[in-house]
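Residue-level listing of the chains:
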Amino acid sequence: MEHEAAAAPARVVPDPVAPGSVAPDPVDARLGRRLAELRTEHGWSLGELAERSGISKSTLSRAERAETSPTAALLNRLCNVYGRTMSQLLSEVEAEPAPVLRAAEQQVWEDRAAGFVRRSVSPPHGGLRGELVEGRLAPGADIAYDRPPVPGLEQHIWVLDGSLAVTAEGTGHLLETGDCLRLRVWGPTRFRCAGPAAARYVLAVVRP
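Now for a look at the structure at hand. Keep in mind it's a predicted model, so treat the numbers as computed, not measured.

## Looking at the sheet that holds strand S10 (residues 199-206)
For step 1, the next point in the chain: Strand order in the open sheet formed by six strands is S1-S2-S3-S10-S5-S8, with antiparallel pairing between adjacent strands. In this open sheet, the two edge strands, each paired with only one partner strand, are strand S1 (108-111) and strand S8 (180-185). Strand after strand, the sheet turns through a mean of 20° between neighbouring axes, direction not considered.

What follows is the structure in structure tokens.
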């Protein structure tokens, strides 16, 4: 009597990459995982976070899965909900920063749609309340934040190149190269490149 041949073990074949698909940016992928972790730590569903932040569930889901690169305005809203500055959030997706952070090691994040580039020159560090950020706005760039990440946040804005229009608490300030604006942020703010050339500035942030 012939014996039936033993069935060959099933071979797991990885899913093929969809034609035209692009792997997520590594920073966006780490940021998405951290956003998902923060939501889980607070015990919130996507629906609950959507209600608290004013961001749609679908947008939140896509950001957590790194299917889209989050905008500065979106991150600002989430920072407000989680009680963090943007520098704190971005620093949490990287290793603990060293006391000396070389220029090549400073994390750069870009909001391509808004024409905004953000370099974390001095990210949050244990025992320190201050942070130092370099911002660059392309000509015509205009970014509005509907709330501060932390109410009462102290900011010092020093323009290195170009012209920068800053609106805070309904008051507009036109800053030229070398000018510095000092304020505490309680409400909406707006940053606009006010000249024909790109604007570059230093943002010093001090948590309350």
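## Observations regarding the nonpolar core
For step 1, the next point in the chain: In terms of nonpolar packing, the biggest core is built from 44 residues, with Leu-137 and Ile-157 touching the most fellow members.
For step 2, the next point in the chain: Looking at this core element by element, the count peaks at seven residues for helix H4 (residues 72-82).
For step 3, the next point in the chain: Setting aside anything within four residues of it in sequence, one finds Leu-137 in contact with Gly-115, Phe-116, Ile-143, Leu-164, Phe-191, Arg-192, Cys-193, Ala-198, Ala-199 and Tyr-201.

## Remarks on helix H3 (residues 57-64)
For step 1, the next point in the chain: All of the buried residues along H3 are Leu-60, Ser-61, Ala-63 and Glu-64. Across the axial projection of H3, the buried residues extend over an arc of 165°, all falling on one side.
For step 2, the next point in the chain: Buried residues in H3 make contact with helix H1 (26-42), helix H2 (46-53) and H4.

## Description of the environment of Gly-187
For step 1, the next point in the chain: Mapping Gly-187 onto the fold places it in the loop between S8 and strand S9 (189-193).
For step 2, the next point in the chain: Here Gly-187 falls in the buried class, since its relative accessible area comes to 10%.
For step 3, the next point in the chain: Spatially, the C-alpha atoms of Gly-187 and Gly-152 are 8.8 Å apart, while their sequence positions differ by 35 residues.
For step 4, the next point in the chain: The residues contacting Gly-187, other than those within four sequence positions of it, are Asp-146, Arg-147, Pro-148 and Glu-169.

## Regarding unusual backbone geometry
For step 1, the next point in the chain: Although it is not a glycine, Ala-66 sits at a positive phi angle of roughly 60°.
For step 2, the next point in the chain: Tracing the sequence through the fold places Ala-66 in the loop between H3 and H4.
For step 3, the next point in the chain: Residues other than glycine seldom take positive phi values, yet Glu-169 does so here, at roughly 55°.

## Describing the sheet that holds S9
For step 1, the next point in the chain: The strand order across the open sheet built from four strands is S4-S9-S6-S7, with neighbouring strands paired in antiparallel fashion. If you trace the sheet from one side to the other, it starts and ends with strand S4 (142-145) and strand S7 (171-175), each paired once. Taken pair by pair, the neighbouring strands of this sheet meet at an average axis angle of 15°, ignoring direction.
For step 2, the next point in the chain: Judged from the five bridges that link them, strand S6 (residues 164-168) and S7 form a sheet pairing that is antiparallel. When the sheet's bridge partners are listed, Ala-165 is paired in S7 with Leu-174.

## Let's talk about empty space enclosed by the protein
For step 1, the next point in the chain: As enumerated under the stated definition, the model contains two cavities of 30 Å³ or more in all.
For step 2, the next point in the chain: The calculated volume of the largest cavity comes to roughly 320 Å³.
For step 3, the next point in the chain: Every residue lining the largest cavity is counted, 24 residues in all, and those nearest its centre are Asn-76, Met-86, Tyr-145, Gln-155 and Leu-203.
For step 4, the next point in the chain: A total of five residues in the lining of the largest cavity trace back to one element, the largest contributor, which is strand S3 (residues 130-137).
For step 5, the next point in the chain: Residues belonging to the lining of the largest cavity are distributed by class as follows: 14 nonpolar, six polar and four charged.
For step 6, the next point in the chain: Each pocket or cavity is described by its volume, and for the second largest cavity that value is around 40 Å³.
For step 7, the next point in the chain: Forming the walls of the second largest cavity are Leu-35, Leu-49, Leu-60, Glu-64, Leu-78 and Tyr-82.
For step 8, the next point in the chain: Put simply, the parts of the chain that give the lining of the second largest cavity at least two residues each are H3 and H4.

Calculation criteria
- Within each chain, residues carry numbers counting from 1 in the order of the written sequence.
- Reporting of local features is limited, given that this is a predicted model, to residues whose pLDDT is at least 70; pairs of side-chain atoms are given and counted only at 80 or more, and all residues count toward the totals for whole chains, interfaces and linings.
- Each side-chain value is derived from all of the structure's non-hydrogen atoms; neither hydrogens nor water enter the calculation.
- A pair of strands is labelled paired if DSSP reports no fewer than 2 bridges between them.
- Helix and strand labels come from DSSP, where a helix needs a run of H or I of at least four residues and a strand needs a run of E of at least two; each type is numbered from the N terminus.
- Only the stretch in contact is used when a helix axis is fitted, and all axes are lines through C-alpha atoms; the angle between N-to-C directions ranges over 0 to 180 degrees.
- For our purposes a nonpolar core is just a set of buried Ala, Val, Leu, Ile, Met, Phe, Trp, Tyr and Cys residues, chained together by side-chain atoms within 4.5 Å.
- Exposure classes here rest on a 1.4 Å probe applied to the protein chains alone. A residue is buried below 20% of its type maximum, exposed above 50%, and partly exposed in between.
- Contacts are assigned to residue pairs with any non-hydrogen atoms lying within 4.5 Å of each other.
- Taking the helix axis as origin, the arc is that swept by the directions to the C-beta atoms.
- Whether a set of points on the 1 Å grid over the protein atoms alone is a cavity depends on a 1.4 Å probe fitting there but being unable to get out, while an open set qualifies as a pocket with protein on both sides within 12 Å along at least five of seven lines; lining residues are those with an atom within 4 Å of a point.
- Grid points are joined across faces, edges and corners, and a volume is the space filled by probe spheres set on the points.
- Put simply, Ala, Val, Leu, Ile, Met, Phe, Trp, Tyr, Cys and Pro go in the nonpolar bin, Asp, Glu, Lys and Arg in the charged bin, and everything else, Gly too, in the polar bin.

Bear in mind that shape data such as this cannot, by itself, settle questions of function.
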